[in-house]
Each structure stands twice: as structure tokens, then as C-alpha cells.
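What the coordinates show
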Amino acid sequence: MFEALFYLLIFPGGFFLVLVGLGFEWLDRKLLALFQRRVGPPWYQPLADLIKLFSKEDLLPKGGNELVATLLPLISLCAVLVAGLYVPIAGFTPYSFEGDLIVILFLMSVPTLAYYLAGIISIGIYSILGGGRSLLQYFSYEVPFLIALSGPAVLARSWSIEGILTAQFTLGSFVLFQPLGFILALVGLIGKLKRDPLDIPSAKSEVVGGSLTEFSGGKLGFWHLAMNIQAVVGIFLIINLFLGWTKLANPFVAILVFFLEFLVIVGMLSSASAIFARLRIDQLAGLGWRILVPLSLAQILFVILMGV
Amino acid sequence: MSKISIPIGPQHPLLKEPLSMKIDISGEKVLGGSLRLGYVHRGIERLAQKRNYVQTIHLVERVCGICSHIHTTTFCQAVESLLKLEVPPRAQYLRALMCELERIHSHLLWLGILAKHVGLDTIFMHTWHDRELALDVMEEITGGRVLHGANQIGGVRFDLDESHFPMIYANLEKLRSQISGLLDILENEPALIARTKGVAPVSQKTIRQYGVAGPVARASGVDVDMRRDNPLPPYDQLKFSVVTMPDGDAWARTIVRAEEIRESLNLCEMILEDLPDGEVSKRAPRNVPEGEVIIRSEAPRGELFYYLRSDGTDQPARLKIRTPTLAALCLLPVQMSDIQVADIPVVLAGVDLCVACADR
């Protein structure tokens, strides 16, 4: 009973994920600032932002549905927190079962759908535009993302993340066999997180704040938290699926390696947002269906042939 | 999908100055747009009639926060031509130096804004950082980053001595290397090209119909530059080329402006080398003889037009300022069709918004 509560609230769930989520936001902002010749925020800035948001007045425009507007960010937060519970951290996972990869992929999609709903139920024009865009973007990145992530599962002949991780200990790291899948998964993750350069649904210069334009106070705080944790869970997932090297007996070394891999992927995401311009939604759809989907299909074909 | 109309402005993250556009869209497609101006009208032309000539210099400097120097220069040239006052050559060169520095920083500012609008914040940060190099030079020699107070009727209020040159040359050299790096990125970065190339091109005919000048016109293949076509000293003695591109889209405007920065850097060095010796100003009388004059000069954004009428007193009888931005802004509703919602920022940035200039 206490063990379960510990897993749920402290590690690897609740508290730990919130902490890493805030850490991720700081690291990302700091790296981006360094790329852009700025100083960047101090380490406590994400937490300070969150506290400030929660202490601010929570306004909803007339005509907005208070209940739904409150539930949507909470549902996204819950979905990503639950997903985080099932992703192994440095090889440690309290709950693992055959098929947990599919459950996590489903839970990771919940924030996107909630984001879409948040836009559609709102009465603001920018929110409606942002919501529509988020769904269009979902259809562009989700298919190559799912195909790319199923590559490791096919190669390991297991749909449990722990199974995929252990298969890499004998076969070798999957990033060596599927570099293309690794990159596609990262691109998909950028699309999922609505990060620059795929921040089309929330592009400030086009749709002001996207779906979240009319949100404020604590609700906005929950949205930000949910997105940071979604980023962390996504990165953990990619590390587990592609970057398992060997069974490390010493837990400290395992944690260190896991942390370094996390840093590398955050660095890749930050440099992507520093280097590329934002795409137009039609360009993204073209990129998704004309380039990413064929590439991911080629990757999975290669994996299937390898497995035969 | 049904037609909805989205407001851009008067307050919008896109805009640095208030301007209002109503844009009709259907899904992601833009059907048309209308423009409303006048949010920062300050009545500068009327105010000028209540002040004497010396005070008016400082008034017209505040027409625009970016191209403040060219406004005072053009005004002073208008007054000097009414006074038939010969400005010392050194003062003319120093004025031109400031004009070119101003063009450099204005174009860099614009490049940054375009990059920010397409989501390339890195270029925005870097160009605005480099822009400070030009602003530092201006601050060093005149004492002001943005409002310089550099001109007076009959000359300029500052002079260069030997101690200034190393700093100016060093900053110009740094700027030059930054610009070549920037041009390299602008010409090769695929996402930027995809976002700007072919977006709402404006034909040469439309440019002529709307009377647009400056980099926007030159990017559409209209070969017009007041520095060459109607040269005021010292531009008649300086050698430079006018950059034009045939395409008329946002990408062409980007390249034209980036190349113009290079030309301006060359001009700055040429001016510093040829800088004549002598005094920097002449004493001007308080009253200006009766008469009227039109002066046209090349502001960073295009042709700047000053009409000045004097009735023999120490106050202007009429001052008319036509800024290049107003004509360019009128292009916006023309361009706001057959584009996507995501192209709106690119089109808006493309004309180089300066609402303060347009409204006066």
C-alpha cells in the first residue's frame, strides 16, 4: 500500500516528474538563450513562473464553460503523469506489462486532444484557429511518430517497454539499427509538444496564444506543467526505446548514463528550435505525408527484414 | 468553411506600433483585408507651424524612432536651400555617415523582425545584437543612440577627431563579417526560404500604381534610389550600386535589404576615407526668406519627401512630410489575398511597418 503510494506520488510518478518537468523547462530555456546570445533565466525561474501563475486571478471570458475549461488541463496533466509512471527510469520501473507502450502512446495523445477541445469550446477566434491547427498538426506528425516508435517493438518482438529495453542488452542499442526511426521519433516529439519549429498551433505572431489564448492563472499553470511533463515522458520513452546500451549493475552509473542521454536529447530539441524557422501548416502536412511517412515505412520494412 | 474575420491590432503580438487590420479568412485561407491607420497621429505638421525653425528640427526628429536622422537632415536641407546657405563639405559628409549608419541599423532591425515573425528567434536575437554595433557608433559620435540631435541648420553639431576612428572602423569591420554570415544563412536556410519565397509577390506595375519606393520597390525590380536619382551632396561624389531583385516577394525584400547593408558599410568607409577637413557648421540667420521648396531624400524605407513653405518669419508657414511607409502600407490590403493565415506576419513584416512615420 505505502509502496504503491510512494510510486504514485514521489518516484517515479508525481513529485519526481514535476521536478524533472521544471528542470527540463529551465534547461531548454537556458540552452536556447545561449544559442541566441542571451543570458537566460536562473534555475528557479520555471518554478517561480508556476507559483506566479497560480497566485494570479483566474479569468474566463463570458460564455466560456468553467467546468470544461478547468477539467481539460487537469485531464492532460493526469494523463501525462500516469504515462510517466510506466516509463522505466534508468532501468527501474514499478509496473510493467505487455502492451504498456501502447497505453503510454495513447496517454501521450490525450493532451493534444484536450488542447484541441480547449480551442474549440472557447469563444475566441485565435483559440478556434489554434485548436483547428493542433488537430491538423496531429494528423501530420502522429502517423510517422507511431510507426517510428513501433520499430523497436517489432525488432524486440515485445510491446512492453521493459522488454524492448532488455532486448537491446543482447541485440545492441536500437539507435544503431534505426537511426532514421530515432530522428523521426524526435521530429514527432517536437510536433507533439508543439515546440518551435513546429509550434504552429500556438504561433504567437499568427494566432496569439493558440488554444490557450483565453486561459489564465492556475489553469494556464496546469497547461504549462502538463506540457513540460509530456516533454519529459516523451524524452524518457525515446531513451528507453532507442538508447539502451547494456545492463548496468551499478545503479549510480545507470542513473548517470540515463541523465546524460536526457541532456543530449534536450540539447537536440533546443538546437532544433534555435535553428529552424516555423513551417506553415500545409508545409508541415506535406513534410509529414510526403517525406516522414515514406521514411518511417522504409525504416519499419528494414526492421521487419532484419527480424526475419 | 464559413468566413470569419480576425482582428490584427490595434494591439497584437505581431505589432510593435498600433495599426488595425481586419482580415477575412476561411479556414487557413485569407480572402481579403482592410487597413485602418491613425492611432499614433500626433499632428506634427501642424505643430511645426507653431514653432521656430530650430525647434522644428527637434520636432521632426521625433516623427520616427528608427529613421530620426534622415528626417532632420531633409528638413535642414530644405531650410538651407531656402536660405541659400552653403553647408561645409565636412558637415555634408558627416550627415551622410549618420544616414548610412541609420540605414544599417534600420535594415538589421527589419531583418530581425521578419525572422521573428517566421519563428526564427535566433536570427532576431543575433541581428538585434549586431544592430547595437551601429547604434554604438552613433552614440559615440553624437551622444544619442536613437535620437541623435546631430543636425542644425547650416551643418552638424558634432565633429569626428582621430580618437573616434579606431572604434568606428572596428565596429564596421565586425558588422561586415556578421552581415556576410547573415547573408549566408538567409540564402541557404531552407525553412526560411520556404516561408518567404513566393509569398504575396507584388508586380512592378502595382508598385508604380501605388507609388511605393525604397527597398520594397527595389525588390520588385523598380530601379529607384533617391541617393542616385536626385543626389544631394555628398552622394553625387560617392560611388555605390543600387540593389534590385525581380521577384517582389518577401524573400527578395530580405536579400535586397541585406545587400543594402553591405553597400551602406562600403559607403561608410568611403565617407570616412574621403572626409574633407574644415568647419562643421555655419551660422544661420533666424528668419527664413519667403519661398517654398521640395526636398526628396532616401530614408531607410524609401523616398522621403519634405515640402516647406516660408513666409519670411522664423516659423514654417507649412511643412508637409510624406513618408515612404504610408505608400507601402497601402499595399497591404492588395497583398492580403490568396495567401495563408501563416503568411500574414510575413506580409505585414515585408512592407517594413513604421506606423509612427505613416501617421506622423
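If you're wondering where the values come from, they're calculated on a predicted model, not measured in any experiment.

Let us now look at the overall build of chain B. Scanning chain B for helices and strands turns up 14 helices and nine strands. Its C-alpha atoms give chain B a radius of gyration of 20 Å, near enough to 21 Å, the size a compact globule of 360 residues would have. Projected onto the principal axes, the alpha-carbon positions of chain B cover approximately 70 × 45 × 35 Å. Taken over 360 residues, chain B has a buried fraction of 51%. Within chain B, counting contacts between residues at least 6 apart in sequence, those at least 24 apart form 70% of the total.

It is worth spelling out the overall build of chain A at this point. Of regular secondary structure, chain A possesses 13 helices and zero strands. Mapped in sequence order, the helices and strands of chain A form the string α-α-α-α-α-α-α-α-α-α-α-α-α. A compact globule built from 308 residues should have a C-alpha radius of gyration of about 19 Å, and chain A, at 19 Å, falls within 12% of that. Structurally, chain A occupies a C-alpha span of about 60 × 50 × 40 Å along its principal axes. Counting over 308 residues, chain A shows a buried share of 49%. Across chain A, contacts joining residues at least 24 apart in sequence account for 80% of those joining residues at least 6 apart.

This brings us to the packing of helix α6 (residues 125-156) of chain A against helix α13 (residues 281-307) of chain A. Residue and element names in this part refer to chain A. Packing of α6 against α13 leaves a shortest axis separation of 9 Å and a crossing angle of 10°. The pairing of α6 with α13 is recorded here as roughly parallel in orientation. The residue makeup of the contact of α6 with α13, split by class, is 19 nonpolar, eight polar and one charged.

This next bit is on the environment of A:P12. Residue and element names in this part refer to chain A. You can see P12 is positioned in the loop between α1 (2-9) and α2 (14-35). Spatially, the C-alpha atom of P12 lies 10.0 Å from that of V82, the residues being 70 residues apart in sequence. With sequence-adjacent residues up to four places away left out, P12 is seen in contact with Y7, G84, L85, I89 and P94.

By a widespread convention, an interface's size corresponds to the accessible area lost as its parts come together. Taken together, the contact between chain A and chain B spans 23 residues of the former and 24 residues of the latter. Tallied by class, residues from the side of chain A that touches chain B come to 11 nonpolar, three polar and nine charged.

A word on helix α7 (residues 161-171) of chain A. Residue and element names in this part refer to chain A. Along α7, the residues that are buried comprise I161, E162, I164, L165 and Q168. Along α7, the residues classed as buried sweep out an arc of 165° about the axis, all on the same side. Those residues of α7 that are buried lie in contact with α5 (100-121), α6, α8 (174-177) and α11 (217-242). The first or second residue beyond α7 is G172, which carries a positive phi of 105°.

Take the pairing of strand β6 (residues 291-299) of chain B next. Residue and element names in this part refer to chain B. Pairing of β6 with strand β7 (residues 302-310) involves nine bridges; the strand directions are antiparallel. Across the sheet, the residue bridging to V293 is L308, located in β7. A loop of two residues connects β6 with β7, the two strands running antiparallel in sequence.

Residues and elements named next belong to chain B. Within the open sheet, the three strands sit side by side as β6-β7-β8. Their pairing is antiparallel. The open sheet has two edge strands with one neighbour each: β6 and β8 (316-322). Neighbour to neighbour, the strand axes of the sheet diverge by 15° on average, direction disregarded. Judged from the six bridges that link them, β7 and β8 form a sheet pairing that is antiparallel.

Taking 1.5 Å per residue as the helical rise, helix α12 (residues 324-335) of chain B with its 12 residues ought to reach 16 Å, and the 17 Å between its terminal C-alpha atoms agrees with that figure. Buried within α12(B) we find B:P324, B:T325, B:A327, B:A328, B:L329, B:L331, B:L332 and B:Q335.

Time to look at the environment of B:L304. Residues and elements named next belong to chain B. Here L304 is to be found in strand β7. On the basis of neighbour count, L304 is assigned to the buried category, with 28 C-beta atoms found within 10 Å. Between the C-alpha atoms of L304 and C99, which are 205 residues apart in sequence, the distance is 13 Å.

With that settled, the discussion passes to the environment of A:A231. Residue and element names in this part refer to chain A. Note on placement: A231 falls in helix α11. When the 24 C-beta atoms within 10 Å are taken as the criterion, A231 is described as buried. Along the sequence, A231 and I190 sit 41 residues apart, while their C-alpha atoms lie 8.7 Å from each other. Excluding anything up to four places from it in sequence, A231 contacts F24 and L193.

Residue and element names in this part refer to chain B. Between helix α2 (residues 53-61) and helix α3 (residues 68-83), the least distance of the axes is 8 Å, while the angle of their chain directions is 150°. Put simply, α2 runs roughly antiparallel to α3. For the element pair α2 and α3, the recorded crossing hand is right-handed. Contact with α2, carried on its side by Y53, T56, I57, V60 and E61, involves S68, H71, T72, F75, C76 and V79 of α3 and no other residues of that element. Split into classes, the residues belonging to the contact of α2 with α3 amount to six nonpolar, four polar and one charged.

Let us now look at the sheet that holds strand β9 (residues 339-340) of chain B. Residue and element names in this part refer to chain B. On the basis of which strands lie adjacent, the open sheet formed by four strands has the order β1-β2-β3-β9 and antiparallel pairing. Where the open sheet ends on each side, the last strands, each with one partner, are β1 (4-8) and β9. Where β1 lies against strand β2 (residues 20-26), five bridges are found, and the strand directions are antiparallel. Note that in β2 the partner of I6 across the bridge is I23.

This brings us to unusual backbone geometry. The omega torsion of the bond from A:D196 to A:P197 falls at 5°, within 30 degrees of zero and hence cis. Looking at where A:P197 falls in the secondary structure, it is placed in the loop between α9 (179-193) and α10 (204-207). Non-glycine residue A:R157 carries a positive phi angle of around 55°. By the secondary structure assignment, A:R157 is in the loop between α6 and α7. Not every positive phi belongs to a glycine, and B:R360 is a case in point at roughly 55°.

Moving on: the confidence of the model for chain B. The predicted structure's coordinates, where accompanied by low pLDDT, should not be read in detail. Per-residue pLDDT for chain B averages 85, and the proportion of residues at 70 or more is 100%. Scoring of the predicted complex yields 0.85 for pTM and 0.80 for ipTM.

Our focus in this paragraph is the confidence of the model for chain A. With 100% of its residues at a pLDDT of 70 or more, chain A has an overall mean of 86. Per-element confidence in chain A is highest for helix α3 (residues 45-55) of chain A, whose mean pLDDT is 92, and lowest for α10(A), whose mean pLDDT is 75.

Reading the values: rules and limits
- Residues numbered from 1 in each chain as written.
- Chains lettered and ligands numbered in written order.
- Predicted model: local features only at pLDDT ≥ 70, side-chain atom pairs only at ≥ 80, totals over all residues.
- Helix = DSSP H or I, 4+ residues; strand = E, 2+ residues; numbered from the N terminus.
- Rg over C-alpha atoms; globule rule 2.2 N^0.38 Å.
- Buried ≥ 20, exposed ≤ 12 C-beta atoms within 10 Å, placed from the backbone.
- Contact = placed C-beta atoms within 7 Å.
- Axes fitted to C-alpha atoms, helices over the stretch in contact; angles between N-to-C directions.
- Parallel < 35°, antiparallel > 145°, perpendicular 65-115°, else oblique.
- Nonpolar A, V, L, I, M, F, W, Y, C, P; charged D, E, K, R; others polar.
- Arc of directions from axis to C-beta.
- Pairing = 2+ DSSP bridges.
- Expected span 1.5 Å × (residues − 1).
- Left-handed = near helix turned anticlockwise from the far one by under 90°.
- pLDDT = per-residue confidence, 0-100.

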